[in-house]
Amino acid sequence: MTDFSEWFHNILEEAEIIDDRYPVKGMNVWKPQGFKIRKYTLEILRNILDKTHEEVLFPLLITEDELAKEAIHVKGFEEEVYWVTHGGLTELNKKLALRPTSETAMYPMFSLWVRSHTDLPMRFYQIVNTFRYETKHTRPLIRVREITTFKEAHTVHATEEECEEEVQNAVKVYKQFFDMLGIPYMISKRPQWDKFPGAKYTVAFDTILPDGKTLQIGTVHNLDQTFAKTFDITYETEEGDHKYVYQTCYGISDRVIASLIGIHGDEKGLCLPPAVAPYQVVIIPIIFKKGAEEVLEFCRGIESKLKAAGLRVHFDDRDIRAGKKFYEYEMRGVPLRMEIGPRDIENKNAVIFRRDKLEKDTISIESDDFINEIKSILDNISHDMREKAWESFNKHIRDAETVEEAAKKVEENMGIVKFYWCGDEACGKELEEKVRVDILGVQEEEKGSCECINCGQSSTCKTMIAKTY
Ligand code: PR8
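Criteria and thresholds
Residues numbered from 1 in each chain as written. Predicted model: local features only at pLDDT ≥ 70, side-chain atom pairs only at ≥ 80, totals over all residues. Heavy atoms only, no water. Salt bridge = Lys/Arg side-chain N within 4 Å of Asp/Glu carboxyl O. Helix = DSSP H or I, 4+ residues; strand = E, 2+ residues; numbered from the N terminus. Buried < 20%, exposed > 50% of the residue type's maximum accessible area, 1.4 Å probe, protein only. Arc of directions from axis to C-beta. Contact = heavy atoms within 4.5 Å. Polar contact = N/O pair within 3.5 Å; in protein donor to acceptor, adjacent residues only side chain to side chain. Pairing = 2+ DSSP bridges. Axes fitted to C-alpha atoms, helices over the stretch in contact; angles between N-to-C directions. 1 Å grid on protein atoms, 1.4 Å probe; cavity = no way out; pocket = protein on both sides within 12 Å on 5 of 7 lines; lining within 4 Å. Points joined across faces, edges and corners; volume = space filled by probe spheres on them. Nonpolar A, V, L, I, M, F, W, Y, C, P; charged D, E, K, R; others polar.

**Student:** Would you take a moment to explain the pattern of salt bridges for this structure?
**Tutor:** Opposite charge on two side chains makes pairing possible when the charged atoms of those side chains draw close. Counted under the stated rule, the structure contains 36 salt bridges. Across the pair Glu16 and Arg332 runs a salt bridge whose closest N-O atoms are separated by 3.6 Å. Taken together, the residues span a long stretch of sequence, with Glu16 in the loop between helix H1 (4-14) and strand E1 (18-19) and Arg332 in helix H10 (residues 322-332) at a distance of 316 residues. A salt bridge links Arg318 to Asp316, with the nearest nitrogen and oxygen atoms 2.8 Å apart. Given the relative accessible area of 38%, Arg318 is considered partly exposed. A residue is classified by how much of its surface remains accessible, and Asp316, at 1% relative accessible area, is buried. Here the residues in one salt-bridge network are Glu16, Asp316, Arg318, Lys325, Glu328 and Arg332, joined through shared partners.

**Student:** So what exactly am I meant to see when it comes to H1 here?
**Tutor:** For an α-helix, the turn length of 3.6 residues means that residues three or four places apart are oriented alike. Among the residues of H1, Phe4, Trp7, Phe8, Ile11 and Leu12 are the ones counted as buried. One side of H1 carries all its buried residues, which in axial view fall inside an arc of 130 degrees. Close packing links the buried residues of H1 with E1, helix H8 (255-264) and H10. The backbone nitrogen of Ser5 lies 3.1 Å from a side-chain oxygen of the residue at the head of H1, namely Asp3. Glu16 occupies a position one or two residues after H1 and carries a positive phi of about 55 degrees.

**Student:** Any chance you could explain the sheet that holds strand E18 (residues 349-354) here in plain terms?
**Tutor:** Sheets are built from strands that pair by backbone hydrogen bonding, the pairs being arranged parallel or antiparallel. Taken together, five strands build an open sheet; the order of strands is E16-E15-E17-E18-E19 and the sheet is mixed. Each edge of the open sheet is held by one strand with a lone partner, namely strand E16 (313-315) and strand E19 (359-364). Across the sheet, the mean angle from the axis of one strand to that of its neighbour is 25 degrees, orientation sign disregarded. Two strands pair when backbone bridges link them, and E18 and E19 are joined in this way by six bridges, in the antiparallel orientation. Each bridged residue has a counterpart across the sheet, and for Ile352 the counterpart in E19 is Asp361.

**Student:** Looking at this structure, I do not really get the layout of surface pockets. What am I missing?
**Tutor:** Rolling a probe over the atoms, with the probe sized like a water molecule, indicates the empty space that remains. The computed volume of the largest pocket comes to approximately 1500 Å³. Lining the largest pocket are 50 residues, with Glu80, Arg132, Arg143, Asp194 and Gln216 sitting closest to its centre. Of all the secondary structure elements, the ones that give two or more residues to the lining of the largest pocket are helix H4 (71-77), strand E8 (146-157), strand E10 (201-208), strand E11 (214-224), strand E14 (246-252) and strand E22 (438-444). Broken down by class, the residue content of the lining of the largest pocket amounts to 19 nonpolar, 13 polar and 18 charged.

Such coordinate-based values are descriptive only and should not be taken to indicate function.
Rendered as structure tokens:
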């Protein structure tokens, strides 16, 4: 892939993921193929979250008073909020904000809901659209002004320890989610000047796109008691005292779909992990003039067996060249193709083609064992796609011993460069100037202390820098 940006733009159009010709900047239309990928991605996330959280749905509009209550939070978002000022022709007494995120929509209600220690912990999530008037260059799925797939989880706890534990739970949830999608990630604590407005700290997941730039694909925020104090969210302890709660929130967005597409795709187009592929298997009949009906009939039998086994299968019996169909399904990223012609029926075989490896093989379809074989091939595809993505990700992570070396390595090879850094804000800002890229975050090192690459102070943390989206 020589130019990732161009490739990405083209594939979104060609594979009918989204249409970016909608006449409002930063807002796109999900087309049926894209919508299905999004649907299956969200199903995975819902399955994980539903074990511990409850799904809710809050209104889109937030009063100006509520939005303004948490001073640090509102400061962080003030340049990004869209306002509703009129109802029809009538100017509203108080303008209403389109949610940029839902803390200030939810927490006044949490203050009514949380009563006693027996109500806690509370864990909610919603999957909604949010609006951010982004001023940086917008890009479909990557930087949008209407985030259509904003999964936001919000949790409430009695103690600081439980709140800390929840941050770790959220990290586990995202690991599991991204692993199922085969998306590699780097987890780090954001520097203090780059945390979520109002949070005590932010843990972020970053992945690397094929052009070597990193993309933040998920964040977990420890909100401590900041919002509890602002919105008066208290609970009665066993002893009858009233205490403020502790809170976390964590979110992902359309960027997950962008990384799925970018990371697994290749020159032929999309390559989808079976878990989110609209069709996991496509059956293509190889037809000659003689015996065509027999082949079609046979393929229909295979299709219904695979469907009955719970797979998403498509039998393409259109009267067009098989080669044209191959091209189309490769571009759309269907993980497995089966080709069945008269000779295969005679030999009780089918030709299979793996989209990820672009390799052909033959399997026996003599008995119904082939159903399990297809399932296990799909599992192998998921596994191999994940491995391949991690291998490429790890190749993009390098160490550096000096500031010059770090700057040179990011400039020349992109990706992520790691080194020791003291964690001090002034030093960090100076460092960002020198390397002319962003500090992603820090990770505690097990090995013990070393010297900060920039100021020489003792440091137990490594930081990462990268060119970011
Ligand atoms: C929160 N509140 O809001 P966060 N386009 C696409 N994706 C985006 C964009 C954008 N313009 N802006 C952010 N994201 C918290 C947590 C409720 C949930 C994605 O957190 O502001 C980024 O991947 O960090 C980010 O990690 C995620 O949304 C959550 O946004």
